[in-house]
Amino acid sequence: MQEIEQYLTDHRARNENELFELLRMASVSTDSQYAAEVAKAGNWVADQFHAMGFTTEVVQTKGHPIVYAETPAVAGAPIVLVYGHYDVQPPDPLDEWISPPFEPVVREGNVVARGATDDKGQMLTHIKSAQAWMDTAGSLPVQIKYVIEGEEECGSSNLEPFLEEYRDRLACDIAVISDTSQFAKNQPAITYGLKGIVYFEVFLEGPKQDLHSGTFGGSVYNPLNALTQMLAAFVDDQGRIQIPGFYDDVVELEQRERDQFAALPFNEQQFKDKVGVDTVHGEAGYTTLERRWARPTLDINGIWGGYQGEGAKTVLPGKSGAKFSCRLVPNQEPEKIGAAIEKMLQDLVPNGIRMEVKHHHGAPAVVVDLDSPYMAAAARAIEQGFGVAPVFIREGGSIPVVTVLRDLLGVDTLLLGWGLDDDNTHGPNEKFSLEDFYRGTKASASLWQEISKIKRAVE
Ligand code: BES
Ligand code: ZN
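Described below are features of the structure shown in this document. (Residues numbered from 1 in each chain as written. Chains lettered and ligands numbered in written order. Predicted model: local features only at pLDDT ≥ 70, side-chain atom pairs only at ≥ 80, totals over all residues. Heavy atoms only, no water.)

### Thoughts on the site of ligand 1
Residues in contact with ligand 1 amount to 15 residues; listed here are only the nearest, E152, D179, R327, S398 and H426. At a separation of 2.9 Å, an oxygen atom of ligand 1 approaches a polar side-chain atom of R327. At 2.9 Å, a backbone N or O of S398 approaches an oxygen atom of ligand 1. The protein chains hide 82% of the 520 Å² of surface that ligand 1 would expose on its own. Of the residues in the shell around ligand 1, the class split is 3 nonpolar, 6 polar and 6 charged. (Near = heavy atom within 4 Å. Polar contact = N/O pair within 3.5 Å; in protein donor to acceptor, adjacent residues only side chain to side chain. Areas by Shrake-Rupley, 256 points an atom, 1.4 Å probe, with all protein chains shown as cover. Nonpolar A, V, L, I, M, F, W, Y, C, P; charged D, E, K, R; others polar.)

Structure (structure tokens):
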């Protein structure tokens, strides 16, 4: 390992430059305007694998390509599947970026660019670690199968058909994803739980067009009044979600886990300062970490209608709409919750308003096994890479593929996050610590070694 660490130290600048190269590609998957840049980023990833002599395919889908690569088989050693994504979220709001989103710059030890942490920088650590092994030892101690997709940020709709088609080739013992965060700076973490999600969009229509609010106000239902009344019914002022049956399947947190959360060095004042609030808010009876990691939530993600321009306009809008989503916890079923939400919307919509409901993506929450030899191997590898043992955390984000990998391939996922929760993912000025890029690559290189020591469960 010493030789590999030395290699990674010697090649730090090259690896960073290559990350910057990938960050210059505006691979925004949700907007077709960027399709050529998405394809370019996919090919760039494929070229990394080609250059190392790995069997590589750029698999075309109905959407953006999936890059699949395999390193040579290693008899007796476990097989690892690495999942990552080379696509990014749109860079908006553009005017809030200090420097252009696709022109990476280094500021205070961080590379600042869209996709820096989510997920180009984190994903690349698992490619650069393989390169370090190949260039020093000439081979890897485990076989790695890479699935690097280009549609994670817009729903991964072509991933499952790919995984089904390639199911036999993807046979593996464990999956690894780096698309999460450390607990804090210099406190790496292994994430053992993620939330699930259901996402809705609702469109309301009242009068056939916008009306004068003086002439017509009080005589017809204003779709924006209706919308805000309906949405307000979903959560009470104690943060309890009012969807009938919403909590029925929620498994209460055990005291042991509450104690573990409470034992983590979480500083509420620092948290408030970081996000810019005077006071925290959420479901009554739970701590901030419990709410963030293990309690279901509902957030309105967007709302529109009426006049948004400068000044005042006395209008009674003809239409309104909103996007909202619930983050789910283990044992809640997205389909069941989705049906309950649709029913509640139907029950709430007042006479005089027409409604259309669109049910977007959904995914269940996931908790992975903490007592596996792979978990222990990952903990050792992180300690080697970061010089600090990881803590075990849950997070509130969702990575739907984790459940698919479990259901389809029967494997658990190691969620090894190198990011920080203030990396501004999906927001302006996204960043990733270059020190953590380096340490994450070292941890990844150690991980292949540590996993190779595990005897495969099934030969
Ligand atoms: N990297 C995130 C997932 C994540 C975020 C994990 C925060 C842990 C903490 C991923 O790229 C993402 O944004 N996922 C989406 C999934 C959704 C669109 C189905 C999310 O969580 O909003
Ligand atoms: Zn993301």
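### Structural notes on the packing of aromatic side chains
Tallied over the full model, the rule gives 13 aromatic pairs. Taken together, F49, F54 and Y146 form an aromatic cluster joined through their ring pairs. Sitting over the face of the ring of Y247, R240 holds its NZ or CZ atom 4.0 Å from the ring centroid. (Phe/Tyr/Trp six-rings, centres within 6.5 Å; stacked < 30°, edge-to-face > 60°. Lys NZ or Arg CZ within 6 Å of the ring centre and 35° of its normal.)

### Description of the pattern of salt bridges
Inspection of the entire model under this criterion finds 27 salt bridges. Across the pair R258 and E290 runs a salt bridge whose closest N-O atoms are separated by 2.8 Å. Taken together, the residues span a long stretch of sequence, with R258 in helix α8 (residues 255–263) and E290 in helix α10 (residues 288–294) at a distance of 32 residues. What makes E290 buried here is its relative accessible area of 3%. As a salt-bridge pair, K431 and D422 come within 3.2 Å of each other at their nearest N and O atoms. Each of R240, E252, E283 and R295 takes part in a single network of salt bridges with overlapping partners. (Salt bridge = Lys/Arg side-chain N within 4 Å of Asp/Glu carboxyl O. Helix = DSSP H or I, 4+ residues; strand = E, 2+ residues; numbered from the N terminus. Buried < 20%, exposed > 50% of the residue type's maximum accessible area, 1.4 Å probe, protein only.)

### Digging into the sheet that holds strand β18 (residues 431–433)
Pairing within the open sheet is antiparallel, and its 3 strands lie in the order β4-β5-β18. The sheet is open, and its two borders are formed by β4 (105–107) and β18, each paired with just one other strand. For this sheet, the mean angle separating the axes of adjacent strands, direction not counted, is 30°. Of the pairings in the sheet, the one linking strand β5 (residues 110–112) to β18 comprises 3 bridges and is antiparallel in character. Bridge pairing in β18 links V112 to K431. Strands in contact with helix α4 (residues 116–137) are β5 and β18; relative to β18, the strand with the most contacts, it is inclined by about 40°. (Pairing = 2+ DSSP bridges. Axes fitted to C-alpha atoms, helices over the stretch in contact; angles between N-to-C directions. Contact = heavy atoms within 4.5 Å.)

### Things to note about the coordination of the zinc ion (ligand 2)
Taken together, D118 (OD), E153 (OE), E153 (OE) and H426 (NE2) make up the full set of protein donors to the zinc ion (ligand 2), lying 2.1 to 2.7 Å away. Around the zinc ion (ligand 2) sit 6 donor atoms, and with donor-metal-donor angles ranging over 52 to 149° the site reads as irregular. Read in sequence order, the donor residues for the zinc ion (ligand 2) give the motif D-x34-E-x272-H. Within this pair, whereas D118 is found in helix α4, its partner E153 is found in the loop between β6 (143–149) and α5 (159–165), the two being separated by 35 residues in sequence. Per residue, the accessibility class of D118 equals that of E153, and both read buried. (Donors = N, O, S within 2.8 Å, 3.2 Å for Na, K, Ca; no water. Tetrahedral: all angles 85-135°; square planar, octahedral: opposite > 155°, others 65-115°.)

### Some points on helix α3 (residues 35–51)
Across its 17 residues, α3 extends 24 Å between first and last C-alpha, which sits within 8% of the 24 Å expected from 1.5 Å per residue. When α3 is considered as a whole, its buried residues turn out to be V38, A41, G42, W44, V45, A46, Q48 and F49. In this fold, the buried residues of α3 make contact with α2 (12–23), β1 (55–59), β2 (66–70), α4 and β6. The first or second residue beyond α3 is G53, which carries a positive phi of 80°. (Expected span 1.5 Å × (residues − 1).)

### Comments concerning empty space enclosed by the protein
In this structure the tally under the stated criterion is 2 cavities of 30 Å³ or more. The calculated volume of the largest cavity comes to roughly 50 Å³. Forming the walls of the largest cavity are L8, R12, N15, E16, L434, F437, Y438 and T441. At 4 residues, helix α14 (residues 434–452) tops the list of elements feeding residues into the lining of the largest cavity. For the lining of the largest cavity, a count of residues per class yields 4 nonpolar, 2 polar and 2 charged. Reported here for the second largest cavity is a volume of approximately 40 Å³. Around the second largest cavity, the lining residues are L194, K195, A363, P364, A365, V366, S398, I399, P400 and T403. Along the lines of polarity and charge, the residues of the lining of the second largest cavity split into 7 nonpolar, 2 polar and 1 charged. (1 Å grid on protein atoms, 1.4 Å probe; cavity = no way out; pocket = protein on both sides within 12 Å on 5 of 7 lines; lining within 4 Å. Points joined across faces, edges and corners; volume = space filled by probe spheres on them.)

### Some words on the packing of α2 against α14
It is at 11 Å that the axes of α2 and α14 come closest, and there the two elements cross at 110°. With respect to α14, the axis of α2 lies roughly perpendicular. In the packing of α2 onto α14, the handedness of the crossing is right-handed. Facing R12, N15, E16, L19 and F20 of α2, the residues of α14 in contact are L434, E435, F437 and Y438. Split by residue class, the contact of α2 with α14 holds 5 nonpolar, 1 polar and 3 charged. (Parallel < 35°, antiparallel > 145°, perpendicular 65-115°, else oblique. Left-handed = near helix turned anticlockwise from the far one by under 90°.)

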